Amino acid sequence: MTTSVAVGKLAPHDVRGNSRARARLTVRSCDFVQDGTLFGQPKGLPMFVTSVQKTRRRLKPGVAAVVAAAAMVAVAPAASATPEPRVLAGGVIAWGYNGSGQTDVPAEATSDVVTVAAGGAHGLALRTDGRVVGWGSNDSGQATVPAGAQSGITAISAGFLHSLALSNDGRVIAWGANSSGQSTVPAEAQSGVKAIAAGYYHSLALKNDGRVIAWGLNDSGQATVPAGAQSGVTAIAGEWFSSAAVTASGGVLTWGTGTSPVPPEASSGVVAISAGTGHIVALTGSGNVVAWGDQSDQPPPDAASGVTAISAGHTENLALKSDGKVVAWPEGTLPPETQSGVIAIASGVDFGLAVK
């Protein structure tokens, strides 16, 4: 999951005694692609990509955005050679386990949201004004958004008990649990960052030069970046024991334990990745989904093509189709609202989020 995990105060998420809760989880915000191109990249654009929605709203100052997915960028007609961008936004839909209020969407996240991140038991939403909203489990402060993430944010990611945000000046902001240093942002991640990913107890940042930086828990080598991820990387993801990156050749590189070997189908042509509980989900430029590792049941036929975004979770993986429909596997019952018009997805520990 790229983006998030939080334990909460509940037994199902207590890593001390429940194997189901030992979610080496990282829930990623979705990576949207079109014609094999990864959006939300260089030239000052945010790493996350928003998508399609019925409601179209103008992006407020301080937030740059590229809008992609089933429908592409909406631009205001103008005589100027450089059209003014608009962002497509909506409200958050939540489903699944709710022991810590992780599916009780706050009023601030019911409109003007462009993307979401789901943790172990907390959720994050990024609004069109660049402000982050958090809810759900907050026992480590993971849902208490700091002042630095109240404006100018372009991407979000949620770890098991911590949260990350990327500022429009290329700076990583972290809050929540810090027992393994996962929320202590190193100097190298204070500028020039274009993408972020939160793992169980570690964090990842992708620099503008294609280099990956990692910090936090490193008991399995998940925060020791290999030579192959020192340049040319286009996307990142992290889970409990491992981390993953998409290289310049379009192949997936993993380090740590539990997510190797990478299958041949993910050795080229990959444009987005998401890390779940001991497994990886990859999206190719042709809209195909590949999964491997623990609980990596291959996606159903409905997710075999035409997919624009992915999110790997604990027991539920999600795929967003180009028509705005969400597909889940191997478990999970989706609410009817997710069958059309969805623009962003995130899967956490036994709960899911979507923007519509």
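Trainee: Please set out the pairing of strand β7 (residues 122-127) residue by residue, giving values where relevant.
Mentor: The buried fraction of β7 amounts to six of the six residues, a majority that puts the element mostly inside the structure. Side-chain alternation along β7 places His 122, Leu 124 and Leu 126 on one buried face and Gly 123, Ala 125 and Arg 127 on a second face that is also buried. Hairpin remark: strand β6 (residues 113-118) followed by β7, antiparallel, with three residues in the connecting loop. Looking at chain direction, β7 and strand β8 (residues 132-136) are connected through five bridges and run antiparallel. Residue pairing across strands places Leu 124 opposite Gly 134, the latter belonging to β8. Between β7 and β8, which pair antiparallel and follow one another directly, the connecting turn spans four residues, one of which, Gly 130, has a positive phi of 80°.

Trainee: Which residues make up the packing of aromatic side chains, and what values go with them?
Mentor: Tallying each qualifying case throughout the model produces four aromatic pairs. Seen from their ring centres, Tyr 200 and Trp 240 are 4.5 Å apart, and the 25° between their planes marks the pair as stacked. In this pair, Tyr 200 is assigned in the loop between β12 (193-198) and β13 (202-207) and Trp 240 in the loop between β15 (235-238) and β16 (242-246), connecting sequence segments 40 residues apart. Each member of the pair Tyr 200 and Trp 240 is classed as buried. The rings of Phe 160, Tyr 200, Tyr 201, Trp 240 and Phe 241 are connected pair by pair, giving a single aromatic cluster.

Cut-offs used in this document
Residues numbered from 1 in each chain as written. Predicted model: local features only at pLDDT ≥ 70, side-chain atom pairs only at ≥ 80, totals over all residues. Heavy atoms only, no water. Buried < 20%, exposed > 50% of the residue type's maximum accessible area, 1.4 Å probe, protein only. Helix = DSSP H or I, 4+ residues; strand = E, 2+ residues; numbered from the N terminus. Pairing = 2+ DSSP bridges. Phe/Tyr/Trp six-rings, centres within 6.5 Å; stacked < 30°, edge-to-face > 60°.

So far we have only geometry, and geometry alone does not tell us how the molecule works.
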